[in-house]
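Chain by chain, the residues:
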Amino acid sequence: MDVEIRGIRPDEADAHTRAIGVGFGEHVDDSVVELERAILETDRALAAVDGDRFVGGSATVSFELSIPGAIVPCAGITSVSVHPTHRRRGILTAVMRRLLDDLRNREAISALWASEGAIYGRFGYGMATFSTEIEVPRPHSAFRADYRPS
């Protein structure tokens, strides 16, 4: 594999965000890049680099997880993607292997937010919940104008 898996520098955050978007089939506009810039932990982001071009990568978000009897640090793995032009070459496996190696001495627990969860069973991840609850502040919510309860 000629693709290098490496961390990113802070000045590469925008290119990383755009590359991740390509892997998900999205066009990432400047507003998304700006939002991601505010939350991306560049020291925890990985890039798959082919020559001078980002062709995939991942991001990890630091947070705390409540478990019975404690609150522990947890690595939130997200945005794992590979460009369609570079799939089926072992790049996702290489990104996940590097990511898990990096996590080994940092957190005891990691959680993965995946759009296609079945891919990640080979890395030890499985479904953790069948449902979720989201609170939206009332000023930011409304029924559609044509909604009629039945």
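Up top you'll find the structure we're talking about.
Residues numbered from 1 in each chain as written. Predicted model: local features only at pLDDT ≥ 70, side-chain atom pairs only at ≥ 80, totals over all residues. Heavy atoms only, no water.

### Description of the packing of helix α1 (residues 13–23) against helix α2 (residues 30–39)
For the record, the criterion: A fitted line through C-alpha atoms serves as each axis, taken over the contacting stretch for helices, and the angle formed by two N-to-C directions is quoted from 0 to 180°. Numbering of helices and strands runs from the N terminus; a helix is a DSSP stretch of H or I covering at least four residues, while a strand is a stretch of E covering at least two. In this scheme, roughly parallel covers angles under 35 degrees and roughly antiparallel covers those over 145, while 65 to 115 is roughly perpendicular and the rest are oblique. Less than a right angle of anticlockwise turn of the near helix away from the far helix marks a crossing as left-handed, whereas a clockwise turn marks it as right-handed. The contact criterion used is simple: two residues touch if any of their non-hydrogen atoms lie within 4.5 Å. Three classes are used, and their members are as follows: Ala, Val, Leu, Ile, Met, Phe, Trp, Tyr, Cys and Pro are nonpolar, Asp, Glu, Lys and Arg are charged, and the others, Gly among them, are polar.
Viewed as axis vectors pointing N to C, α1 and α2 meet at an angle of 120 degrees, and their least axial separation amounts to 9 Å. As summarised for this structure, α1 and α2 are arranged oblique, according to the angle between their axes. Crossing of α1 over α2 shows right-handed handedness. Listed contacts from α2 to Asp 14, Thr 17 and Arg 18 of α1 are Asp 30, Val 33, Glu 36 and Arg 37. Along the lines of polarity and charge, the residues of the contact of α1 with α2 split into 1 nonpolar, 1 polar and 5 charged.

### Here we look at the pairing of strand β2 (residues 46–50)
Cut-off, in case you're wondering: A 1.4 Å probe rolled over the protein chains alone gives each residue an accessible area, and that area as a share of the maximum for its type sets the label: buried under 20%, exposed over 50%, partly exposed in between. When DSSP finds two or more bridges between a pair of strands, those strands are recorded as paired.
For β2, a buried count of 4 out of 5 residues is recorded, marking the element as mostly surrounded by other parts of the structure. Where strand β1 (residues 4–7) lies against β2, 4 bridges are found, and the strand directions are antiparallel. The residue of β2 that forms the bridge with Arg 6 is Ala 47. The pairing of β2 with strand β3 (residues 53–67) spans 5 bridges and is antiparallel. Across the sheet, the residue bridging to Ala 48 is Gly 56, located in β3. Where β2 hands over to β3, the hairpin turn is made up of 2 residues, of which Gly 51 adopts a positive phi near 70 degrees.

### Concerning the pattern of salt bridges
Rules: Think of a salt bridge as a Lys or Arg side-chain nitrogen and an Asp or Glu carboxyl oxygen that are within 4 Å of each other.
Under the definition given, this model contains 10 salt bridges. Between Glu 12 and Arg 6 there is a salt bridge, with its nearest N and O atoms 2.8 Å apart. Residue Glu 12 is classed as buried on the basis of its relative accessible area of 8%. Asp 101 is paired through a salt bridge with Arg 104; the nearest N and O atoms lie 3.2 Å apart. Assessed through its relative accessible area of 36%, Asp 101 is described here as partly exposed. One salt-bridge network, held together by shared partners, links Arg 6, Arg 9, Asp 11 and Glu 12.

### Structural notes on the environment of Ala 70
Inspection of the secondary structure assignment puts Ala 70 in strand β4 (residues 70–82). Its relative accessible area of 33% is what places Ala 70 among the partly exposed residues. Here the alpha-carbon distance between Ala 70 and Val 28, two residues 42 residues apart in the chain, equals 38 Å.

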